[in-house]
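Structural characterization, general
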Amino acid sequence: QVQLVESGGGLVQPGGSLRLSCVASGISFSIYDMGWYRRAPGNQRELVATISRGDNTKYGDSVKGRFSISRDNPKNTMYLQMNNLKPEDTAVYYCWTRGPVSRRENWGQGTQVTVST
């Protein structure tokens, strides 16, 4: 079974940084597309960033220039480096993956990020 486990969320002040991690199991990690989505209370789920099997990256407009997605295939781990955090970044952040053949999507349980004074 596919399992995605996020970590690294927490409370941070505006302007601060956090690094999220997602450890995947049950997939051939290196050939799966990966990414991060987030959902704030009362909001739609929003794309944060994706990184393909070929290391192509995409970012949501609201995080461009501040966040950086990466992956470490030998560790089956994906990261999201979040810098210059803003209160608007407060959300539950979800790890996401998509299979290369089935195109089936899987989601982690999420990790809370709160940006507040």
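Source: prediction; values computed, not measured.

Attention now moves to unusual backbone geometry. Here the phi dihedral of asparagine 76 falls at roughly 50 degrees; this positive angle occurs in a residue that is not glycine. As for its placement among the helices and strands, asparagine 76 is situated in the loop between β7 (67-72) and β8 (77-82). We classify asparagine 76 as partly exposed; its relative accessible area is 25%. Even without glycine at this site, arginine 103 takes up a positive phi of about 60 degrees. With respect to the helices, strands and loops of the structure, arginine 103 is situated in the loop between β9 (91-98) and β10 (105-107).

We now examine the environment of glutamate 105. Tracing the backbone through its elements, the reader meets glutamate 105 in strand β10. Classification of glutamate 105 as partly exposed rests on a relative accessible area of 43%. Look past the residues within four positions of glutamate 105 in its chain and what remains in contact with it is Trp96, Thr97 and Arg98. Among the polar contacts listed, one links the side chain of glutamate 105 to the side chain of tryptophan 96, at a separation of 2.8 Å.

With the rule as written, the count across this model stands at one disulfide. Note that cysteine 22 is cross-linked by a disulfide to cysteine 95, the S-S spacing being 1.9 Å. Measuring the twist about the S-S bond at about -75 degrees, one finds the cysteine 22-cysteine 95 disulfide to be left-handed. Remark: cysteine 95 occurs in strand β9 and cysteine 22 occurs in strand β3 (residues 18-25); sequence separation between them is 73 residues. For cysteine 22, a relative accessible area of 0% gives the class buried. By relative accessible area, which is 0% here, cysteine 95 ends up buried.

The rules we used
- Residues numbered from 1 in each chain as written.
- Predicted model: local features only at pLDDT ≥ 70, side-chain atom pairs only at ≥ 80, totals over all residues.
- Heavy atoms only, no water.
- Helix = DSSP H or I, 4+ residues; strand = E, 2+ residues; numbered from the N terminus.
- Buried < 20%, exposed > 50% of the residue type's maximum accessible area, 1.4 Å probe, protein only.
- Contact = heavy atoms within 4.5 Å.
- Polar contact = N/O pair within 3.5 Å; in protein donor to acceptor, adjacent residues only side chain to side chain.
- Disulfide = S-S within 2.5 Å.

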